[in-house]
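Chain residues, written in single-letter form:
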There are 2 protein chains.
Amino acid sequence: MSPVYSEIPGGVTAPEGFFAGSAYCGIKASNPDRPDVALIVSPQPTVAAGTFTTNRVKAAPVRVSAAHLRNADIRAIVANAGNANACTGVAGIETAKRMTRAVSSKMGLKERQVLVCSTGRIGVPLPIEKIEGTIGQLVPNVTRVGSKAAAEAIMTSDTFPKEIAVEIQLGGKTVRIGGIAKGAGMIDPNMATMLCFVTTDALIEKAELQQALSVSVEHSFNRITIDGDMSTNDTVLMLANGLAGNEMLRAGTPDFEVFQRALDHVTLSLARMIVEDGEGVTKFVEVCVNGAASFSDARRTSEAIAKSCLVKCAWFGGDPNWGRIMDAIGYSGAKVREELIDIYYDGLIAVKGGMASATPFEKLQQAVAQKRFRVTVDLHLGTAEYIVFTTDLSTDYVRLNMGE
Amino acid sequence: MSPVYSEIPGGVTAPEGFFAGSAYCGIKASNPDRPDVALIVSPQPTVAAGTFTTNRVKAAPVRVSAAHLRNADIRAIVANAGNANACTGVAGIETAKRMTRAVSSKMGLKERQVLVCSTGRIGVPLPIEKIEGTIGQLVPNVTRVGSKAAAEAIMTSDTFPKEIAVEIQLGGKTVRIGGIAKGAGMIDPNMATMLCFVTTDALIEKAELQQALSVSVEHSFNRITIDGDMSTNDTVLMLANGLAGNEMLRAGTPDFEVFQRALDHVTLSLARMIVEDGEGVTKFVEVCVNGAASFSDARRTSEAIAKSCLVKCAWFGGDPNWGRIMDAIGYSGAKVREELIDIYYDGLIAVKGGMASATPFEKLQQAVAQKRFRVTVDLHLGTAEYIVFTTDLSTDYVRLNMGE
């Protein structure tokens, strides 16, 4: 399918009517001179959607935002980096609420009209007074070009801010979708979290927005793995204010399909940036499994490969070690028949019918020597397929994660 | 419970009537001057039991041995290192059969009275002629003190041979159990496999032997994880020849219980040796989860912790990073209530009710600085418990596994 969207600058402030900005309150221990609080604001009413970590240990802001998201009209998202407000008990919940109150009181809103996110160290009380003392200046200073400032403020171990925006045409109206994100690299001790905020000026109802976002997240953030560890704070939030003037988007219509594809592009682009920016990462690898008997088998197989320490170490060393891939396929739990399995590195067949192919080893080495390559597995048992985006496992990854 | 067994020397040849030995046939590429074929022989009839990898990609010898194990009277186990005979198709099956035939023809046995194992490179045809040319000298040269020679011959990346034996008293008779094993370290490209061979002179029927072995494997080899990758060749085999003259062991009797505990000690000791000898390993860690709502929850929780790259990197760095342990508990899929979770490093409480305890960080660092320590998690939801033996994740692990 050819793209029906075009990329535009502006990130979360590309859509009409959204403002963003950042401030410095001094809780980002690793970078104390960097902004650490981000704010995204919509003066117009919005409908909101979100997806949250499925980790049963959930950070306080995840619990508070999930509750607030039930409201009809969200007007702001506030997020800090440097402290995750996770494993902080009942006091942490109160702290997260105070963070929303700091924004709502300055904007004349109800507390429940503000969503809140935190990322950073786990298990340390969030110095809420520092944030409260900063929000007062931040609220009046958000701008229509503040996306990058917000993207920078939520960075932890990220080496670059992550933002993207696209526009589409719906019934003669220009509709924009923009997003910012921060990464899954886990460098500092107790550092965690992927955060993503998406805005759109499309006119859409809450249920349809949630449906579109859930689908996009399933095809992007749920497909990336660096170390297989899911954080306590992972959150994707989306706001839609309807300012584009399009006809109300209805699920199942061609317009909705165009919107979905544009949103998919936004989330997938941000997800790729997160993987590529994982600390210690030297390779970006797409693991595609085709021909599985079921969707769940395709997913299990690709995730087993993408999470195998042995496979990832081999990639780091430029070793096209298909034996380890066969091994991971075998223990994935998926239905497989060894003698039917084919494995490719990019276009080169490495395994044919469960055995070494005739491809010279040097050719396979050349494929794995690249910074980006694709591993394709065909199980020849059905038509289900799945793709996961992953990385190698490097000595630097270990070094960066071995603590203080 | 105080031990009812005593350790004795002799490994698999400690029990009456078992012979072992090794030979050199030149297929251990990494160590071409080292013995690479092992043989264990019982001139007496035996009953046999075994457990095999649950990986759906199974090496040829696994398939052949599983079929032969259905026979009543096994007389020999032959094993080679250097080549796993895995991902070798129909030809590999024929090769594994030829390996059993090489032994049976020299001993006047039926092919199906011989079990076969291979360990080493995956996907390369096994040079069976080399093995066939060696078996002729090996068969007459097995001895009553050949356990260590056999243990050395099956080594791949292992740095020391692994053997143990114990004796127990059953109704005034001395019964012995002995074992050898090789490790799960995966150093060479495509290198895999844990192998373990156990012998006993106890009189026991096949079904009871299988029951006892399955229980012991569940509490030992199934509880160890170095990198979470299960090999295509993992095999545990056990032979019992009845020469001790004890009364037939019956499940549910006190004697059977004594036998089980002694066998547990043999398999657990060998499993620990495998973990401690994992290449690149600097820490040996016991992860104990108590208070789970179900056995399956206890297992999931301890395995999630024991397999977390982030947790293991932190241990390597001597960082008592309990936030990452909380994170792993949360995504394990087990039923947990964050506010009830306690975590200990050895006797020191690190997390109390889901939050940082008052224990000084330096004290926790001292615990993690040791070469061996125990992490205990209490979920406070029930009475189920589980223990997993694991390691840290070191830069050397990555270096040793990054290929040629």
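Computed from a predicted structure; not experimentally measured. Throughout this description, residue numbers start from 1 for each chain and increase along the sequence as written. Lettering of chains starts at A and numbering of ligands starts at 1, both following the order in which they are written. In keeping with the model being predicted, local features are shown solely for residues with a pLDDT of at least 70 and side-chain atom pairs are shown and tallied solely at 80 or more, while totals for entire chains, interfaces and linings include all residues.

A. Broad picture of the overall build of chain A. What counts as a helix is a DSSP run of H or I of at least four residues, what counts as a strand is a run of E of at least two, and both are numbered from the N terminus. On a plain count of helices and strands, chain A comes out with 11 helices and 16 strands. Taken along the three principal axes of its C-alpha coordinates, chain A extends 70 × 55 × 35 Å. Counting other C-beta atoms within 10 Å of a residue's C-beta gives its exposure: the residue is buried at 20 or more, exposed at 12 or fewer, and partly exposed in between, where C-beta atoms are placed from the backbone. Burial analysis of chain A (404 residues in total) assigns 62% to the buried set. By definition, residue pairs are in contact when their C-beta atoms, positioned from the backbone, come within 7 Å. Long-range pairs, those at least 24 residues apart, make up 80% of the contacts in chain A between residues at least 6 apart in sequence.

B. Structural view of the domain arrangement of chain A. All names here are of chain A. Source of the domain bounds: an automatic or database domain assignment. Domains assigned within chain A are domain 1 (6-276) and domain 2 (284-401). Summarising the inter-unit geometry, the C-alpha centres of domain 1 and domain 2 are found 33 Å apart. Class assignment of the residues belonging to the side of domain 1 that touches domain 2 gives a composition of six nonpolar, two polar and three charged. Three classes are used, and their members are as follows: Ala, Val, Leu, Ile, Met, Phe, Trp, Tyr, Cys and Pro are nonpolar, Asp, Glu, Lys and Arg are charged, and the others, Gly among them, are polar.

C. Region of interest: the relation of the copies chain B and chain A. What sets the superposition is a least-squares fit of C-alpha atoms, and only residues with pLDDT of at least 70 in both copies go into it. Least-squares fitting of chain B to chain A yields an RMSD of 0.0 Å, with the superposition described by an axial translation of 0.0 Å and a rotation of 180 degrees. Such values leave the two copies arranged in the relation of a two-fold axis. Judged by C-alpha distance, Thr395(B) is the residue of chain B that lies nearest the rotation axis, at 2.4 Å. A shared binding surface is used by both copies, with 98% of the interface residues of chain B retained as interface residues in chain A.

D. Structural view of the sheet that holds strand 15 (residues 372-378) of chain A. Residues and elements named next belong to chain A. Ordered by their spatial adjacency, six strands build an open sheet running 14-13-12-15-11-16, and the pairing between neighbours is mixed. Two strands lie at the open edges of the sheet, namely strand 14 (355-356) and strand 16 (384-391), each paired on one side alone. Two elements, strand 12 (residues 342-345) and strand 15, share four bridges in a ladder whose sense is antiparallel. Residue pairing across strands places Tyr345 opposite Val375, the latter belonging to strand 15. The sheet contacts of helix 9 (residues 322-331) involve strand 12, strand 13 (348-352) and strand 15, and relative to strand 13 the element is tilted by about 55 degrees. Pairs of strands are assigned from DSSP output, requiring at least two bridges between the strands. Between the N-to-C directions of two axes lies an angle of 0 to 180 degrees, each axis being a line fitted to C-alpha atoms and, for a helix, fitted only over the stretch in contact.

E. Up close: the pairing of strand 11 (residues 284-292) of chain A. Residues and elements named next belong to chain A. Bridge count for strand 11 against strand 15 is seven bridges, and the pairing is parallel. Counterpart to Val289 in the pairing with strand 15 is Val377. Judged from the seven bridges that link them, strand 11 and strand 16 form a sheet pairing that is antiparallel. Its bridge partner lying in strand 16, Val289 is registered against Tyr386.

F. Focus on the sheet that holds strand 4 (residues 47-52) of chain B. Residue and element names in this part refer to chain B. Spatially, the six strands line up as an open sheet ordered 1-7-8-9-11-4, and their pairing is mixed. Every other strand in the sheet has two partners, leaving strand 1 (6-8) and strand 4 as the edge strands with one partner each. Between one strand axis and the next, the sheet turns through 20 degrees on average, direction left out of account. The pairing of strand 4 with strand 11 (residues 235-240) spans six bridges and is classified as antiparallel. Following the sheet pairing, Phe52 is matched in strand 11 by Thr235.

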